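Listed below, chain by chain, are the residues.
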Amino acid sequence: MKNSLWFKGLRLWVQGLLLLSLRWAQLKTGFDPATGLSRHSVPGMILVALIFFLAAAEAVLAFRLPGGKRTYSNCMDPLGKNQLPMLIIGSFLMAGGTLLMPGDLSPLNIAAIVLGVASAAGIILFARIVRRGQDVKVLPLIPSMFFAVVFLLVVYLPEEGNPVLASFYLPVLAAALMACSFYQLAGLTLRECKLRWFVFLGDLTVPLCLASMADCKDNLGRMLIYFGGAAVLTMFLILRRAEPLPEEEPEETEKTEATPAQE
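Residues numbered from 1 in each chain as written. Predicted model: local features only at pLDDT ≥ 70, side-chain atom pairs only at ≥ 80, totals over all residues. Heavy atoms only, no water.

Another point: the side chain of Thr-205. Tracing the chain through its elements places Thr-205 in helix 8 (residues 195–212). If we ignore the near neighbours within four places in the chain, the residues touching Thr-205 are Ala-174, Leu-177, Met-178, Ser-181 and Leu-233. (Helix = DSSP H or I, 4+ residues; strand = E, 2+ residues; numbered from the N terminus. Contact = heavy atoms within 4.5 Å.)

Rendered as structure tokens:
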């Protein structure tokens, strides 16, 4: 059960749908329609409590995994045919979402579009490399890592002066977790990150991205980005091995300098 498809992936989408329904109810009842100020909302309180509960539960589960920095190949199973379609669809949704986001062609939006398209190409290239059994490189994942950071800025900057934290904290938090998750995934290819951190952050990112779709009723582009990001990360979380392979420690070569003979 612990290493099943349900435990690694499907349960995250069930959690996401639950959070999505609570967020939708909060947006309907938790804000004054005239002023936009927040008011007492039972769904909003349950939502916050559930997020904290999930964070604590995921921390307990993730930190049971072996510690230490890991390489991608040693802690991920090979990419199969069943995972490939959803990975490709998720990457295309992220790229397409950038083209559908409303707003002017500011430098930040242009950067989001360029990096969104590049991230889709990079993820597909990364999948192709993994399926061919070639050496895993970080280069194809760099665009998605930078795209997630730019997307965080796109979500946060319009809200930085908003005094009503309850109205925007969820999509900002989800975008920040997405950026951290893609960073951890890229770090695994360089043996610079830990598997437990990728699992912890990824397991939180997926349901929060799905919940943030409730905030995107007037922004189809952002909705697609959140959905696509959740799909891509779910596929990589599903690929996690039941037990990571032993890591090969790099050989340390000691250079000895010859000392001149004493006369």
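For the coordinates displayed, the defined rule picks out zero disulfides. Here Cys-180 is not disulfide-linked; the sulfur of Cys-193 is the nearest cysteine sulfur, at 10 Å. Judged by its relative accessible area of 37%, Cys-180 falls in the partly exposed class. (Disulfide = S-S within 2.5 Å. Buried < 20%, exposed > 50% of the residue type's maximum accessible area, 1.4 Å probe, protein only.)

Let's shift gears to the packing of aromatic side chains. Two measures describe an aromatic ring pair: the distance that separates the ring centres and the angle between the ring planes. All chains considered together, the criterion is met by nine aromatic pairs. When the ring of Phe-63 is compared with that of Trp-197, the centres are 5.3 Å apart and the planes differ by 85 degrees; the resulting orientation is edge-to-face. One end of the pair, Phe-63, is in the loop between helix 2 (42–62) and strand 1 (69–70); the other, Trp-197, is in helix 8, and 134 residues separate them in sequence. What makes Phe-63 partly exposed here is its relative accessible area of 35%. In this structure Trp-197 comes out as partly exposed when scored by relative accessible area, which is 36%. One aromatic cluster is present, formed by Phe-63, Trp-197 and Phe-200 through successive ring pairs. (Phe/Tyr/Trp six-rings, centres within 6.5 Å; stacked < 30°, edge-to-face > 60°.)

Moving on, we get to the confidence of the model for the protein chain. With 92% of its residues at a pLDDT of 70 or more, the protein chain shows a mean pLDDT of 88. Every residue in residues 252–263 is under pLDDT 50, and counting partners more than four places away or in other chains gives zero contacts. (pLDDT = per-residue confidence, 0-100.)

With that settled, the discussion passes to the pattern of salt bridges. Scanning the model with the defined rule gives five salt bridges in all. Ionic pairing is found between Asp-203 and Arg-11, a salt bridge with its closest N-O pair at 3.2 Å. Here Asp-203 is found in helix 8, whereas its partner Arg-11 is found in helix 1 (residues 5–29), with 192 residues between them in sequence. The residues Asp-203 and Arg-11 share a single accessibility class, namely buried. (Salt bridge = Lys/Arg side-chain N within 4 Å of Asp/Glu carboxyl O.)

Turning our attention to unusual backbone geometry. For Arg-191, which is not glycine, the phi torsion reads 55 degrees and is therefore positive. Tracing the backbone through its elements, the reader meets Arg-191 in the loop between helix 7 (169–188) and strand 2 (193–194).

For the pair helix 2 and helix 8, interaxial distance at closest approach is 9 Å and the crossing angle is 150 degrees. Comparing their axes, helix 8 and helix 2 come out roughly antiparallel. Read as a crossing pair, helix 2 and helix 8 show a hand that is right-handed. Between helix 2, through Ile-51, Leu-54, Ala-55, Glu-58, Ala-59 and Ala-62, and helix 8, the contact on the second element is made entirely by Arg-196, Val-199, Phe-200, Asp-203, Leu-204 and Leu-208. (Axes fitted to C-alpha atoms, helices over the stretch in contact; angles between N-to-C directions. Parallel < 35°, antiparallel > 145°, perpendicular 65-115°, else oblique. Left-handed = near helix turned anticlockwise from the far one by under 90°.)

Next up on the list: the nonpolar core. The biggest cluster of nonpolar side chains holds 68 residues, and the ones touching the most others in it are Tyr-72, Phe-151, Phe-198, Tyr-226 and Phe-236. Other than its neighbours up to four places away in sequence, Phe-236 contacts Tyr-72, Met-76, Leu-87, Phe-126, Leu-185 and Phe-198. (Core = buried A, V, L, I, M, F, W, Y, C linked by side-chain atoms within 4.5 Å.)

Quick look at helix 4 (residues 84–100) now. Residues lying three or four places apart along an α-helix face the same way, a consequence of the helix completing one turn every 3.6 residues. For helix 4, which comprises 17 residues, the first-to-last C-alpha distance of 24 Å matches the rise-based estimate of 24 Å (1.5 Å per residue) to within 8%. Turning to helix 4, its buried residues are Leu-87, Gly-90, Ser-91, Met-94, Ala-95, Gly-97 and Thr-98. One side of helix 4 carries all its buried residues, which in axial view fall inside an arc of 155 degrees. Exposed side chains of helix 4 directed beyond 90 degrees from the buried face belong to Ile-89, Phe-92 and Leu-99. Where helix 4 is buried, its residues contact helix 5 (107–131), helix 6 (142–156), helix 7 and helix 9 (220–238). (Expected span 1.5 Å × (residues − 1). Arc of directions from axis to C-beta.)

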